Amino acid sequence: MRDPVGLMRQRYDQYGPVSWTRLFGLRVVQMLGPDANQFVLMNKGDLFSNHGGWDFFIGPFFHRGIMLLDFEEHRWHRRIMQQAFTKNALRGYLERMGPRITAGLDTWPEGGIKVLPRVKRLTLDLATDVFMGQELGPRSEQVNRAFVDTVRAGTALLRFPVPGLRWSKGLRGRRVLEQLFRDEIPTKRAQEDNDLFSALCHATTEDGDRFSDDDVVNHMIFLMMAAHDTTTITLSNLFYHLASAPEWQERLREESRALGKTQLEYEDLEKLPGIGLAMKEALRLCAPVPSLPRRTVRDVEYDGFHIPKGSFITMAPYFTHYMEEYWPDAERFDPERFAEHRREDKVHPYAWVPFGGGAHKCIGLHFADMQVKAILHQVLLKYRWRVPADYVMPVDTTSLPVPKDGLPVTLERL
Ligand code: HEM
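Conventions adopted
- Residues numbered from 1 in each chain as written.
- Predicted model: local features only at pLDDT ≥ 70, side-chain atom pairs only at ≥ 80, totals over all residues.
- UniProt positions renumbered as here; feature names shortened; annotations may be inferred.
- Helix = DSSP H or I, 4+ residues; strand = E, 2+ residues; numbered from the N terminus.
- Buried ≥ 20, exposed ≤ 12 C-beta atoms within 10 Å, placed from the backbone.
- Expected span 1.5 Å × (residues − 1).
- Contact = placed C-beta atoms within 7 Å.
- Near = placed C-beta within 6 Å.
- Nonpolar A, V, L, I, M, F, W, Y, C, P; charged D, E, K, R; others polar.
- Pairing = 2+ DSSP bridges.
- Axes fitted to C-alpha atoms, helices over the stretch in contact; angles between N-to-C directions.
- Parallel < 35°, antiparallel > 145°, perpendicular 65-115°, else oblique.
- Bend = angle between axes of the 7 residues up to and from the residue.
- pLDDT = per-residue confidence, 0-100.

- In the annotation of an unreviewed UniProt entry, the protein is listed under the name Cytochrome P450 and assigned to Alloalcanivorax venustensis ISO4.
- Note on the protein: under the UniProt heading Cofactor (unreviewed entry), the record states "heme".

### Things to note about the overall build of the protein
1) Next: Scanning the protein from N- to C-terminus turns up 14 helices and 12 strands.
2) Next: Considered along the principal axes of its C-alpha atoms, the protein spans approximately 60 × 55 × 45 Å.
3) Next: Residue burial in the protein is summarised as follows: out of 414 residues, 40% are buried.

### Structural notes on helix α12 (residues 273–285)
1) Next: Compared with the 18 Å implied by 1.5 Å per residue over 13 residues, the 19 Å span of α12 between its first and last C-alpha is a close match.
2) Next: Considering only its buried residues, α12 is in contact with α10 (213–244), α11 (246–259) and α14 (365–382).

### Observations concerning the site of the ligand
1) Next: As a matter of local geometry, the ligand sits amid 22 residues, with Ala-227, Thr-230, Gly-356, Cys-362 and Gly-364 nearest to it.
2) Next: Elements that contribute at least two residues to the shell around the ligand include exactly α10 and α14.
3) Next: For the shell around the ligand, the residue count by class is 14 nonpolar, 7 polar and 1 charged.

### Things to note about the pairing of strand β12 (residues 408–413)
1) Next: In the sheet, strand β4 (residues 111–114) pairs with β12 via 4 bridges, with the strands oriented antiparallel. Bridging from a neighbouring strand, Ile-113 pairs with Val-409 of β12.
2) Next: Where strand β9 (residues 383–386) meets β12, 4 bridges bridge the pair, whose relative direction is antiparallel. Residue Tyr-383 lies in a different strand from β12, and its bridge partner there is Arg-413.

### Some thoughts on the packing of α10 against α12
1) Next: Where α10 contacts α12, the axes come no closer than 9 Å and their chain directions differ by 105°. Relative to α12, α10 is oriented roughly perpendicular. Residue-level contacts link Thr-234, Asn-237, Leu-238, His-241 and Leu-242 of α10 to Ala-278, Met-279, Ala-282, Leu-283 and Leu-285 of α12.
2) Next: When grouped by side-chain class, the residues that make up the contact of α10 with α12 number 7 nonpolar, 3 polar and no charged.

### Quick word on helix α8 (residues 166–190)
1) Next: The end-to-end C-alpha separation of α8 is 37 Å, in line with the 36 Å expected for 25 residues at 1.5 Å each.
2) Next: When the local axis directions of α8 are compared, the greatest deviation, roughly 40°, occurs at Glu-184, which is followed within four positions by the proline Pro-186.
3) Next: By the burial criterion, the buried members of α8 are Trp-167, Lys-169, Gly-170, Gly-173, Leu-177, Phe-181 and Lys-188.
4) Next: Where α8 is buried, its residues contact α7 (139–153), α9 (196–202) and α10.

### Structural notes on unusual backbone geometry
1) Next: The backbone of Asn-43 sits at a positive phi, close to 50°, despite the residue not being glycine.
2) Next: Within the secondary structure layout, Asn-43 lies in the loop between α2 (34–42) and β3 (48–49).

### So, the sheet that holds β9
1) Next: Spatially, β4-β12-β9 is the arrangement adopted by the 3 strands of the open sheet, whose pairing is antiparallel. Single-partner strands in this sheet number two, and they are β4 and β9. Across this sheet, the average inter-strand angle for adjacent strands is 40°, counted without regard to direction.
2) Next: Across the face of the sheet, helix α6 (residues 115–130) comes into contact with β4 and β12 while running at roughly 65° to β4.

### Quick word on the sheet that holds β3
1) Next: In space, the 5 strands of this open sheet follow the order β1-β2-β8-β5-β3, with mixed pairing throughout. Only two strands of the sheet have a single neighbouring strand rather than two, namely β1 (18–23) and β3.
2) Next: Sheet topology places β1 next to strand β2 (residues 26–31); 6 bridges connect them, and they run antiparallel. Residue pairing across strands places Leu-23 opposite Leu-26, the latter belonging to β2.
3) Next: Sitting on the sheet, helix α3 (residues 50–58) touches β3, β5 (292–296) and β8 (312–315), and the angle it makes with β5 is about 125°.

### Here we look at the confidence of the model for the protein
1) Next: Per-residue pLDDT for the protein has a mean of 93; in total, 98% of the residues score no lower than 70.
2) Next: Interface scoring of the predicted complex returns ipTM 1.00; its pTM is 0.95.

### Side note on the packing of α11 against α12
1) Next: Contact geometry for α11 and α12: axes closest at 8 Å, N-to-C directions at 140°. When the interaxial angle is binned, α11 and α12 end up oblique. From α11, Trp-248, Arg-251, Leu-252 and Glu-255 reach across to α12, where they touch Gly-274, Ile-275 and Ala-278.
2) Next: Looking at the contact of α11 with α12, its residues break down into 4 nonpolar, 1 polar and 2 charged.

This is the structure in structure tokens:
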């Protein structure tokens, strides 16, 4: 767990793209590299179950979240959920975000700060507003705690409830969130608004399919989790790399200044190409979802390997993003590798997979793009930040990859 990339490199060199390993006491088939990513994610013939993979890790906490559904049932839910991610819906979410970001950033002090807790706070506040459409007030601490506990529980080594330990804290967190969302459903059903909760309550397909109350609760809990930590990790990494590469920080700041406004509108998203490149590179260097589990629903033949029915599988976006075969000088922060004149990501369609692929590809990827751009744009206009020249951010790889030290930086108000 301390050096997952090094370990996987060793395994890949020794055994090739498919090998048995042990994880959390399970025998698992590790499938490494872009070809294996493509094979599993495209999932032709419905060979790999998402539920069978994810349920073991996060099932009790993210019960019936869309990522844990399979095949026809998954497609049914996805068609409805898609209605909450249309261009118009995104436009509405962005409108809600702008002022909230400004207010959140205004509370950041000058001098030494830790980025991770600050960004986490900001994205949580945004999520409660943009997702739920309301201020949580004094309940926000309780909700924050419930989220952190629910998410961390997925990687508990002791996988049964012992009071005070990760697993039971996660179960308690889930109960808090269920209650919170269930209490609100009648109000949300009664009138339409431009928040995600409302969108889920009113989403209807052309065939008239809609979510039940239970579906809405399950999807809300999953969506808030899926959006919150992944975006926080992406932003933290952007802070880190832009502090380590001040020339990039200045370049992006110039771009943001040239736009001439503080709060982004939907049409502005394409006008910040530098942030787009930096974000792609940050996602390459630190895939917020480092590995993706699956389970085979029948015997599978792949590349001369036989994988028995019922096997746990893991794919590893994190490792793929460091394969020198596809990413020259892979450790280096080099956003230009995604620029038109280089497009290193085009070397293989599954070499850059921070958002997964196929039927379960992240439904929130445009939302994430929008949120990261909206926040970073305002940060660049308001602050300059730096780290000591020899600073290397330590990454905690025992759960989702976050800076172990919270990422201390020095912030200067502009
Ligand atoms: C940088 C930010 C993000 C990253 C890196 C990310 C990554 C991922 C990945 C890798 C998957 C696929 C999991 C699998 O195949 O097993 C996924 C699925 C998903 N993501 Fe994201 N995500 C991000 C942001 C978001 C946001 C902002 C939302 C919602 C607003 C969201 C909602 C979802 C949902 C609902 C799924 C499940 C889709 C399905 O199963 O059909 N994600 N995400």
